[in-house]
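The lines below spell out each chain.
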Amino acid sequence: MPILTVTNVETVPGKTIVKHLGMVSGNTVRSKHVGRDMMAGFKNVFGGELKGYTELLNESREEATSRMTEQAEAVGANAVVNVRFSTSSVAAGASELFVYGTAVVVE
Amino acid sequence: MSDLIIFLTLLVIGYISGSIIEKKHFKSIIEREAQLRSIRVIGVKRVPERFNKVESQLVQGSVVISIDYFKKIAAGLRSFFGGRVSSYETLVERARREAILRMKQDAADWGAQAIFNQKIETASVSQGAKGQVGAVEVYAYGTALRSTKGGQP
């Protein structure tokens, strides 16, 4: 089976959806560690990009996405369409990344 | 007295380094935007049906940019009087353009010609420990399209 296609439009362009398998989702809650926070506090004086945070959020998003695709594979889908991302902070210093979409079979 | 000196030093350091970093960043943004202009970014959700010989993939770009001390104080003063907080406007603009550029770069690496249904999410990362960290995160994502052999983009 080829790798799962993920898109955020309603279809997979160039292919037709033959079966809908319902919603799949993945989430992860991450908190930053003290060292990173201290560095960030330091950076708050000078300005500029917080590379540590960018990486952290990217990793978390990748993890959430892979949980979603695992779920999609488990139900026998070969694509996930209409994917949305959402971020919310659940507690001080921790944030949740949530990703959801519709699992489909395309041809 | 020593508190005042520390405050003023931080303010000056923040102003100088902040504006140098900002100027550099804008310069690199403008350069890279010119390089990546060939990729069209389209906000519509429905991909026209005549684009049928294509492959698609989700592309994304994100960035977290911190405020500097001068901006923080300037914005604090501004919130007293009200009005445009221009020091934050440039910050958010920088973050957004950077995120879009990273998304486009991701698409370019994959060989895409266009990006459909581009979405942008903005979040503030300010709720750190003791509420000390002030930063803005921008995440841009969309569906990249590339033509397969014999297809039209």
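Residues numbered from 1 in each chain as written. Chains lettered and ligands numbered in written order. Predicted model: local features only at pLDDT ≥ 70, side-chain atom pairs only at ≥ 80, totals over all residues. Heavy atoms only, no water.

### Points about the confidence of the model for chain B
The predicted coordinates of low-pLDDT regions are not to be read in fine detail. All names here are of chain B. Selection criterion: A score from 0 to 100, pLDDT tells how confident the predictor is in each residue. Counting from the N terminus, the helices are DSSP H or I runs at least four residues long and the strands are E runs at least two residues long.
In the predicted model, chain B carries a mean pLDDT of 85, and the fraction of residues at 70 or more is 92%. The element-level mean pLDDT for chain B is lowest in helix 2 (residues 69–81), coming to 83, with helix 3 (residues 86–110) highest at 91. Among the prediction metrics, the complex's ipTM stands at 0.83, with pTM recorded as 0.86.

### Topic: the interface of chain B and chain A
Heads up, the condition is: The contact criterion used throughout is that any non-hydrogen atoms of two residues lie within 4.5 Å. Reported buried area values correspond to the accessible surface (1.4 Å probe) lost by two parts on association, with both partners' losses combined. Salt bridges are counted wherever a side-chain nitrogen of Lys or Arg sits within 4 Å of a carboxyl oxygen of Asp or Glu. We call two N or O atoms a polar contact when they sit within 3.5 Å, provided that within protein one can donate a hydrogen and the other can accept it, with sequence-adjacent residues counted only if both atoms are side-chain atoms. Amino acids are sorted into nonpolar (Ala, Val, Leu, Ile, Met, Phe, Trp, Tyr, Cys and Pro), charged (Asp, Glu, Lys and Arg) and polar (every other residue, Gly among them). Strand pairing requires that DSSP identify at least two bridges connecting the strands.
Facing 44 residues of chain B, the contacting portion of chain A comprises 35 residues. At the boundary of chain B with chain A, total buried surface from both sides reaches about 3100 Å², with 53% on carbon and sulfur atoms. Seen at the junction of chain B and chain A, the total is four salt bridges. With a shortest N-O distance of 3.3 Å, Arg46 of chain B and Glu10 of chain A are connected by a salt bridge. At the junction of chain B with chain A, the criterion picks out twelve residue pairs in polar contact (both at pLDDT 80 or more). Among the secondary structure elements, those contributing two or more residues to the side of chain B that touches chain A are helix 1 (2–35), strand 2 (54–68), helix 3, strand 3 (114–124) and strand 4 (135–147) of chain B. With twelve residues, strand 2 of chain B is the largest single contributor of residues to the side of chain B that touches chain A. For the side of chain B that touches chain A, the per-class residue count stands at 20 nonpolar, 16 polar and eight charged. Judged from the two bridges that link them, strand 3 (residues 47–49) of chain A and strand 2 of chain B form a sheet pairing that is antiparallel. Each bridged residue has a counterpart across the sheet, and for Glu49 of chain A the counterpart in strand 2 of chain B is Ile65 of chain B.

### A look at the sheet that holds strand 1 (residues 5–6) of chain A
Backbone hydrogen bonds hold the strands of a sheet together, and the pairing may be parallel or antiparallel. Residues and elements named next belong to chain A. Cut-off, in case you're wondering: To define axes, lines are fitted to C-alpha atoms, for helices over the stretch in contact only, and angles between the resulting N-to-C directions are given on a 0 to 180 degree scale.
The strand order across the open sheet built from four strands is 1-4-5-2, with neighbouring strands paired in mixed fashion. The open sheet is flanked by strand 1 and strand 2 (17–31), the only strands paired with a single partner. By the bridge criterion, two bridges tie strand 1 to strand 4 (residues 79–91) in an arrangement that is parallel. When the sheet's bridge partners are listed, Thr5 is paired in strand 4 with Ala79. Of the strands in this sheet, strand 1, strand 2, strand 4 and strand 5 (94–106) touch helix 2 (residues 51–74), which is tilted by about 145° from strand 2.

### What about the sheet that holds strand 2 of chain B?
Strand order in the open sheet formed by five strands is 3(A)-2(B)-4(B)-3(B)-1(B), with mixed pairing between adjacent strands. In this open sheet, the two strands that pair with only one neighbour each are strand 3 of chain A together with strand 1 (40–42) of chain B. On average, each strand axis in the sheet is inclined to that of its neighbour by 30°, with strand direction left out of account. Bridging between strand 1 of chain B and strand 3 of chain B involves three bridges; their strand directions are parallel. Bridge pairing links Arg40 of chain B to Ala114 of chain B in strand 3 of chain B. Contacting strand 3 of chain A together with strand 2 and strand 4 of chain B, helix 2 of chain A crosses the sheet at an angle of about 145° to strand 2 of chain B.

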